[in-house]
Amino acid sequence: MIHDNIEIVISAIEGDQVKIGIKAPSDIKIYRKELIEAIQQSNQEALSAKLDLSKLKNMMKSAEKS
């Protein structure tokens, strides 16, 4: 149990694999760690691309003024 409203349960044991389940209220979001990491990586890449575009836009404005 985690607090009094989240329960971790063993749903199956198959050889060397253990499958778990999580019972929690619907307002609690539960995500796999690798999914969160993939989303964070994607967000970082998108931010980096946005910054690069911003730099390019500023360079183009400077070139137009010259």
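For the structure itself, look to the data block above.
Residues numbered from 1 in each chain as written. Predicted model: local features only at pLDDT ≥ 70, side-chain atom pairs only at ≥ 80, totals over all residues. Heavy atoms only, no water.

## Structural notes on a nonpolar patch on the surface
Here is step 1: Taken together, the side chains of Ile2, Ile8, Ile10, Ile13, Val18, Ile20, Ile22 and Ile30 make up a nonpolar region of the molecular surface, amounting to roughly 750 Å² of accessible area.
Here is step 2: Counting only elements with at least two residues in the nonpolar patch, the list comes to strand 1 (7–14) and strand 2 (17–23).
Here is step 3: Here isoleucine 20 lies in strand 2. (Patch = residues over 30% accessible without salt bridge, like charges linked within 9 Å, V, L, I, M, F, W, Y side chains within 5 Å. Areas by Shrake-Rupley, 256 points an atom, 1.4 Å probe, with all protein chains shown as cover. Salt bridge = Lys/Arg side-chain N within 4 Å of Asp/Glu carboxyl O. Helix = DSSP H or I, 4+ residues; strand = E, 2+ residues; numbered from the N terminus.)

## A short note on the pairing of strand 1
Here is step 1: Looking at chain direction, strand 1 and strand 2 are connected through seven bridges and run antiparallel. Note that in strand 2 the partner of alanine 12 across the bridge is lysine 19.
Here is step 2: Turn length for the strand 1-strand 2 hairpin, with the two strands adjacent in sequence and antiparallel, is two residues, and the turn residue glycine 15 shows positive phi of about 65°. (Pairing = 2+ DSSP bridges.)

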